[in-house]
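In case you want the letters, here they are:
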Amino acid sequence: MAGVTGLGGVFHMVKNPAATRQWYKDYLGMDGEYGPMLNWSDEKGEKPYSLISHFSEDSEYLKPSAAKFMINLRVDDLDAYVEQLKDNGLEILGQVDEGYGKFAWILDCDGIKLEFWQQVEAPDS
């Protein structure tokens, strides 16, 4: 049976696509033929996964962004990645360890909230 295997992409409109693409390349190290790309791997024997979460319209979780969506990106070492972001002059909006994963947030150059997530353990299937 065919099925969805992971996050295929997030598509959104911005004022200056070339500048946004350059920002993702410069600050997050993400680039590709068609824009920022993620290459999935399972080198550590982990069970990587992506999900779609739904929030009520009055949720504060996506704030301070005015957008009705947030992009969640997996990282392999959140603490080291946050330090890289800070070294690049980016403001970290928050950082938390929830036990099942570690999270940190920034706003991109267009005000879209990005959530970085380091999976700590795979959920029970």
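For the structure itself, look to the data block above.
Residues numbered from 1 in each chain as written. Predicted model: local features only at pLDDT ≥ 70, side-chain atom pairs only at ≥ 80, totals over all residues. Heavy atoms only, no water.

S.K.: Before we go on, may I ask you to explain the overall build of the protein in this structure?
M.R.: Tallying secondary structure elements over the protein gives 2 helices and 4 strands in all. Its helices and strands taken in sequence order, the protein reads α-β-α-β-β-β from the N to the C terminus. The buried share of the protein, taken over its 125 residues, is 28%. Sequence separation of 24 or more characterises 52% of the internal contacts of the protein that already satisfy a separation of 6 or more. (Helix = DSSP H or I, 4+ residues; strand = E, 2+ residues; numbered from the N terminus. Buried < 20%, exposed > 50% of the residue type's maximum accessible area, 1.4 Å probe, protein only. Contact = heavy atoms within 4.5 Å.)

S.K.: Sorry, what's going on with the pairing of strand 3 (residues 101-107) here?
M.R.: Burial analysis of strand 3 places 6 of its 7 residues in the buried class, the great majority of the element. Two elements, strand 2 (residues 94-97) and strand 3, share 4 bridges in a ladder whose sense is antiparallel. Across the sheet, Val96 pairs through a bridge with Phe103, a residue of strand 3. In sequence, strand 2 turns back onto strand 3 through a hairpin of 3 residues, with Gly99 there showing a positive phi of about 90°. (Pairing = 2+ DSSP bridges.)

S.K.: Would you mind showing me how to read the nonpolar core here?
M.R.: Among the nonpolar cores identified, the biggest contains 18 residues, and Trp23, Tyr24, Leu28, Leu85, Ile106, Leu114 and Phe116 are the most heavily contacted of them. Within the residue set of this core, elements represented by two or more residues are helix 1 (17-28), strand 1 (71-74), helix 2 (78-87), strand 3 and strand 4 (113-119). Take this core: its biggest share by element is 4 residues, from helix 2. Apart from residues no more than four positions distant in its own chain, Ile106 is found in contact with Trp23, Leu28, Leu85, Leu90, Glu91, Ile92, Leu93, Ile112, Lys113, Leu114 and Phe116. In terms of nonpolar packing, the next biggest core, distinct from the first, is built from 5 residues, Leu62, Met70, Phe103 and Trp105 among them. (Core = buried A, V, L, I, M, F, W, Y, C linked by side-chain atoms within 4.5 Å.)

S.K.: Explain the side chain of Glu115 here, please?
M.R.: The topology assignment puts Glu115 in strand 4. In this structure Glu115 is buried but unpaired, with Lys113 as the nearest side chain of opposite charge at 6.5 Å. Among the polar contacts made by the side chain of Glu115, one reaches the side chain of Tyr61 at a distance of 2.3 Å. (Lys, Arg positive; Asp, Glu negative; His and termini not counted. Salt bridge = Lys/Arg side-chain N within 4 Å of Asp/Glu carboxyl O. Polar contact = N/O pair within 3.5 Å; in protein donor to acceptor, adjacent residues only side chain to side chain.)

By themselves these figures say nothing about function.
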